[in-house]
Amino acid sequence: MNDQANVRTRHQLRRPDRFFFGTRAMPCPYLPDRVERKVVTDLSGPDAADLYERLSRAGFRRSHSLAYRPACPGCEACVPVRIPVAEFAASASFARIAKSNIDLAVHDSPAHATIDQFRLFTRYQRSRHAGGEMSGMTYDDYRAMVEETPVHSRMIEYQTREGSLVAAMLADRLADSLSAVYSFFDPSESRRSLGIYMVLWLIERAREEKLPYVYLGYWIADSRKMSYKSRFRPMEGLGPNGWAAIDAT
């Protein structure tokens, strides 16, 4: 989600003091021959945390100080998804992934950008998302993504015994959940399944903090980039009748 540069229309929804904006159409990064548009609103102000709580339950996500949700013409492929923590039980394959990463030290700190993070982020982008919107980000762009947050955000780092950073996740702490904003990892460490491991770690942290949900953003059934999310079961999706269990297979 880029900055406000793509915003071109404005309309009010429900609250007279809160404006929601529509972005211009852009090529969809997940499905070919589709376009994407978003509805966004500014999270600044004294009620930012409370507003973000309510918008998250309505399927919105956060980027910098904006909350956004897809509003694509003729397409409803993006499904907001979350994991009900109390019902989640790790499969045998998940247990193996957790065991293969037992050597990693985890550091959970306030959202702060570092050069080591940016170098890892750049390697990840070039390997997994070459030519994508985020692959050309500068350090200042990256720092803004991490540190421009009006809510309680954390940067979770995963390091080897030698102190090498192999994975990192930016996450938001809400009243009822942890929300994975963005994660990245060393592409040469494929045997560790670090993307899966970070979600497993977040689920366990939510369990420790007695939070009922972990939000994973959007799931698209026909997108290979999103396929890993379907491995986490049970999973709830937001539909016309609210949050309900879905079969993400």
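In this text the structure is predicted, and so the values were computed from the model without any measurement. (Residues numbered from 1 in each chain as written. Predicted model: local features only at pLDDT ≥ 70, side-chain atom pairs only at ≥ 80, totals over all residues. Heavy atoms only, no water.)

**Looking at the sheet that holds strand 14 (residues 235-239)**
Working definition: the strands of a sheet are paired by backbone hydrogen bonds and lie parallel or antiparallel to each other. Applicable threshold: For two strands to count as paired, DSSP must find a minimum of two bridges between them. The helix and strand labels rest on DSSP assignments: H or I over at least four residues marks a helix, E over at least two residues marks a strand, and numbering proceeds from the N terminus. Geometry is summarised by axes, namely lines fitted to C-alpha atoms with helices restricted to the contacting stretch, and by angles between N-to-C directions that run from 0 to 180 degrees. Here a residue-residue contact requires only that any non-hydrogen atoms of the pair lie within 4.5 Å.
Here eight strands make up an open sheet; going across it, the order is 9-10-11-12-13-8-14-15 and the pairing mixed. Each edge of the sheet is formed by a strand with only one pairing partner; in this case those strands are strand 9 (105-110) and strand 15 (242-246). Direction aside, neighbouring strands of the sheet carry axes that sit 30° apart on average. Judged from the five bridges that link them, strand 14 and strand 15 form a sheet pairing that is antiparallel. Residue pairing across strands places Gly237 opposite Ala244, the latter belonging to strand 15. Those strands touched by helix 3 (residues 115-128) are strand 10 (153-159), strand 11 (165-173) and strand 12 (177-185), and its axis lies near 75° from that of strand 12. Against the sheet, helix 5 (residues 194-208) contacts strand 8 (79-84), strand 9, strand 10, strand 11, strand 12 and strand 13 (213-219), and its axis sits at roughly 155° relative to strand 12.

**Concerning the packing of aromatic side chains**
To be explicit about the condition: Working definition: rings of Phe, Tyr and Trp (its six-membered ring) pair if their centres are within 6.5 Å, and the pair is stacked with planes under 30 degrees apart, edge-to-face with planes over 60 apart, and tilted otherwise. Throughout this description, buried means an accessible area under 20% of the type-specific maximum (1.4 Å probe, protein chains only), exposed means over 50%, and partly exposed covers the range between.
Overall, the coordinates contain 16 aromatic pairs when judged by the stated rule. Where Phe118 meets Tyr142, the ring centres are 5.9 Å apart and the plane angle is 50°; that geometry is what we call tilted. Taken together, the residues span a long stretch of sequence, with Phe118 in helix 3 and Tyr142 in helix 4 (residues 139-147) at a distance of 24 residues. You can call Tyr142 buried: its relative accessible area is 0%. Seen in terms of ring centroids, Tyr142 and Phe184 are 6.1 Å apart; in terms of plane orientation they differ by 80°. Their pairing is edge-to-face. Of this pair, Tyr142 sits in helix 4 while Phe184 sits in strand 12, and the two are 42 residues apart along the sequence. Residues Tyr142 and Phe184 agree in their burial class; the two are buried.

**A word on the pattern of salt bridges**
This is how it is decided: Any carboxyl oxygen of Asp or Glu that lies within 4 Å of a side-chain nitrogen of Lys or Arg is treated as forming a salt bridge with it.
Considering all chains together, one arrives at 16 salt bridges under this definition. Between Glu236 and Arg82 there is a salt bridge, with the nearest N and O atoms lying 2.8 Å from each other. Remark: Arg82 occurs in strand 8 and Glu236 occurs in strand 14; sequence separation between them is 154 residues. No difference in accessibility class separates Glu236 from Arg82, as the two residues are buried. Arg205 serves as the salt-bridge partner of Asp108, at 2.7 Å between the closest nitrogen and oxygen.

**A word on helix 4**
Each α-helix turn comprises 3.6 residues. Residues three or four places apart therefore point the same way. Listed as buried for helix 4 are Tyr142, Ala144, Met145 and Val146. Structurally, helix 4 contributes buried residues whose contacts are with helix 3, strand 10, strand 11 and strand 12.

**Thoughts on the nonpolar core**
To keep things clear, this is the line we draw: Only buried residues count toward a nonpolar core, which is a set of Ala, Val, Leu, Ile, Met, Phe, Trp, Tyr and Cys residues joined through side-chain atoms within 4.5 Å.
Residues Tyr142, Tyr158, Leu202, Leu216 and Phe232 are the most contacted members of the largest nonpolar core, which totals 52 residues. When residues of this core are assigned to their parent elements, the largest contribution, 10 residues, is made by helix 5. Contact partners of Leu216, with chain neighbours within four places excluded, come to Arg61, Val81, Arg82, Ile83, Ala180, Val199, Lys229, Phe232 and Met235.

The analysis is restricted to geometry; functional conclusions fall outside its scope.
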